[in-house]
Amino acid sequence: MSTPSPARRILLLCAILLVAAQVAPTLAGYLLTLWRELGPSWCHVEMLRAPGADASSLCVQIYRRPSIVTVLTLTPVLLAFLAVCPFAVRWCLRPVRDLVPVIANVGPQNLGHRLRPGAGGDELALLGRTIDDMMDRIAVGYEAQRRFAADASHELRTPLAVQRTLIEVGLAGARTEDQLALLTAQLLETNERNERLIEGLLVLAESDRGLLARTPLRLDHIVAEVLDAHRARATEAGITITSTLRPRLVLGERVLLERLVSNLVQNAVRYNRPDGTIDVRVDADPALIVTNTGDDVPPDAVPALFEPFRRLSGARIHHGGGAGLGLAITRSITRAHDGFIAASSTGHDGLRVQVSLPDAEGAYGHP
């Protein structure tokens, strides 16, 4: 895109106006001279003499206030300049107006369109680059939403197909009580998976909308309650949970914060080894750290863990009972609380997840 700079056009217009301001009195003088030479002589007064008794009142006022003549002659000149100003302003802003049809034609079908203004430093080039950057962010977000919808459809389609197959098998003929019990258990397990997936999608959508209200909450108390609820399951899996919980006050919604901590702990239990450990810390900054032992996570695979339905194994259907939304939900909840979440490999085995949240003590004090 190569268009004239509006700033240069405005500077040119200012220069023309400055020249016109200098020319206007001279032009008004010429008009006055023409009027005196060619116009009617109804107020002709000899030099250095006052109007006679027969002079009109207008002639007397002109004699007493010579500026009236100057004003009367400058007025048509200024009116002419004002008549030209709208066209001059449109000419200055034409490069900006030319962008309107280009931007108006951008839609979901051509999100790859870019203005590409080049490396110029004028205002129009800066605007073009800003619009291109905005389009890059929109394209990334749109692609993420499209991929999310496709992945969600796939995740829902597979268990629904399993349910349909089990029902068809059950209706195909007579079954023994053991067979019926097995079919029922399989249908129940598939249905529970669907419920977890739908619940995860609802929580993700709710956290993406942001927080409706914020209240001061003790994060260490919330983490302690969540750990107590998961200790029995961790013990059954042979996993040891250790914790260091220091007082930490945050602003947010309790239900979402509980879900954030619960998802991190559940992932730490699910992707662990039988004799593994989980270490949970609550401190000033980061506010929450969850470290677990397990398979080593390649550094380049860590960012993908926060995408919906993305798992380290690459399989879309994980048989550990998860819906593939755990870390995506934690990221969305953290953003809703104006925080930041990051994960990193421990360097040997397992994953460390750190959650930074704004401190509420300065604004609200201790509860």
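Notes on the sheet that holds strand 6 (residues 340–345)
Here five strands make up an open sheet; going across it, the order is 2-4-5-7-6 and the pairing mixed. Bordering the open sheet on either side are strand 2 (240–245) and strand 6, each of which pairs with just one other strand. Pairs of neighbouring strands in the sheet enclose a mean axial angle of 10°, with direction left out of account. Note that strand 4 (residues 277–282) and strand 5 (residues 288–292) share five bridges and pair antiparallel. Within the sheet, the bridge partner assigned to Asp279 lies in strand 5 and is Thr291. In the packing of helix 7 (residues 219–236) onto the sheet, the strands contacted are strand 2, strand 4 and strand 5, and the crossing angle to strand 2 comes to about 170°. Across the sheet, helix 9 (residues 326–336) lies against strand 6 and strand 7 (351–356), angled at about 140° from strand 6, the strand it touches most.

Overview of unusual backbone geometry
A cis amide bond links Asp285 with the next residue in sequence, Pro286, at an omega value of 0°. Along the chain, the position of Pro286 falls in the loop between strand 4 and strand 5. Non-glycine residue Asp338 carries a positive phi angle of around 60°. Positionally, Asp338 belongs in the loop between helix 9 and strand 6.

Here's the deal with the pattern of salt bridges
If you walk through the whole model with that rule in mind, you get nine salt bridges. Between Arg254 and Glu225 there is a salt bridge, and its shortest N-O distance comes to 2.8 Å. Taken together, the residues Arg254 in helix 8 (residues 254–270) and Glu225 in helix 7 connect sequence positions 29 residues apart. Here Arg231 ties to Asp228 by a salt bridge, and the two come within 3.5 Å at their closest N and O atoms. Placement of both Arg231 and Asp228 in helix 7 is noted, with a separation of three residues, approximately one turn of the helix.

Remarks on the packing of helix 7 against helix 8
At a closest axis distance of 10 Å, the pairing of helix 7 and helix 8 adopts a crossing angle of 35°. Judged by the sense of rotation from one axis to the other, the crossing of helix 7 with helix 8 is right-handed. Counting all contacts with helix 7, which are made through Ile222, Val223, Glu225, Val226, Leu227, His230, Arg233 and Ala234, the residues of helix 8 involved are Arg254, Leu257, Glu258, Val261, Ser262, Val265, Gln266, Val269 and Arg270. Taken together, the residues of the contact of helix 7 with helix 8 sort by class into nine nonpolar, three polar and five charged.

Describing helix 7
Note on helix geometry: an α-helix contains 3.6 residues per turn, so any two residues three or four positions apart are oriented the same way. Here helix 7 is 18 residues long and its end C-alpha atoms lie 26 Å apart, about the 26 Å a rise of 1.5 Å per residue gives. Taken as a whole, helix 7 carries its principal kink of about 40° at His230. Of the residues making up helix 7, those classed as buried are Leu219, Asp220, Ile222, Val223, Val226, Leu227, His230 and Ala234. Buried positions along helix 7 lie against strand 1 (215–218), strand 2, strand 3 (249–252), helix 8, strand 4 and strand 5. Directly beyond the C-terminal end of helix 7, a positive phi value near 75° is found at Gly238.

Describing the packing of helix 8 against helix 9
Where helix 8 contacts helix 9, the two axes come as close as 9 Å, and the packing angle between them is 145°. Note on packing geometry: the crossing formed by helix 8 with helix 9 is left-handed. Residue-level contacts link Leu256, Arg259, Leu260, Asn263, Leu264 and Asn267 of helix 8 to Gly326, Leu327, Ile329, Thr330, Ile333 and Thr334 of helix 9. Looking at the contact of helix 8 with helix 9 residue by residue, the classes come out as six nonpolar, five polar and one charged.

Considerations on the nonpolar core
For soluble globular proteins, nonpolar side chains are generally found buried alongside one another. Formed by 40 residues in total, the largest nonpolar core has its most connected members in Leu219, Val223, Leu264, Ile278 and Leu288. What Leu288 contacts, discounting residues up to four positions off in sequence, is Leu219, Val223, Leu260, Val261, Leu264, Val280, Arg281, Val282, Val353, Gln354 and Val355. Counting six residues, the second largest nonpolar core, distinct from the first, contains Leu99, Leu115, Leu124 and Met135.

Analysis parameters
Residues numbered from 1 in each chain as written. Predicted model: local features only at pLDDT ≥ 70, side-chain atom pairs only at ≥ 80, totals over all residues. Heavy atoms only, no water. Pairing = 2+ DSSP bridges. Helix = DSSP H or I, 4+ residues; strand = E, 2+ residues; numbered from the N terminus. Axes fitted to C-alpha atoms, helices over the stretch in contact; angles between N-to-C directions. Contact = heavy atoms within 4.5 Å. Salt bridge = Lys/Arg side-chain N within 4 Å of Asp/Glu carboxyl O. Left-handed = near helix turned anticlockwise from the far one by under 90°. Nonpolar A, V, L, I, M, F, W, Y, C, P; charged D, E, K, R; others polar. Expected span 1.5 Å × (residues − 1). Bend = angle between axes of the 7 residues up to and from the residue. Buried < 20%, exposed > 50% of the residue type's maximum accessible area, 1.4 Å probe, protein only. Core = buried A, V, L, I, M, F, W, Y, C linked by side-chain atoms within 4.5 Å.

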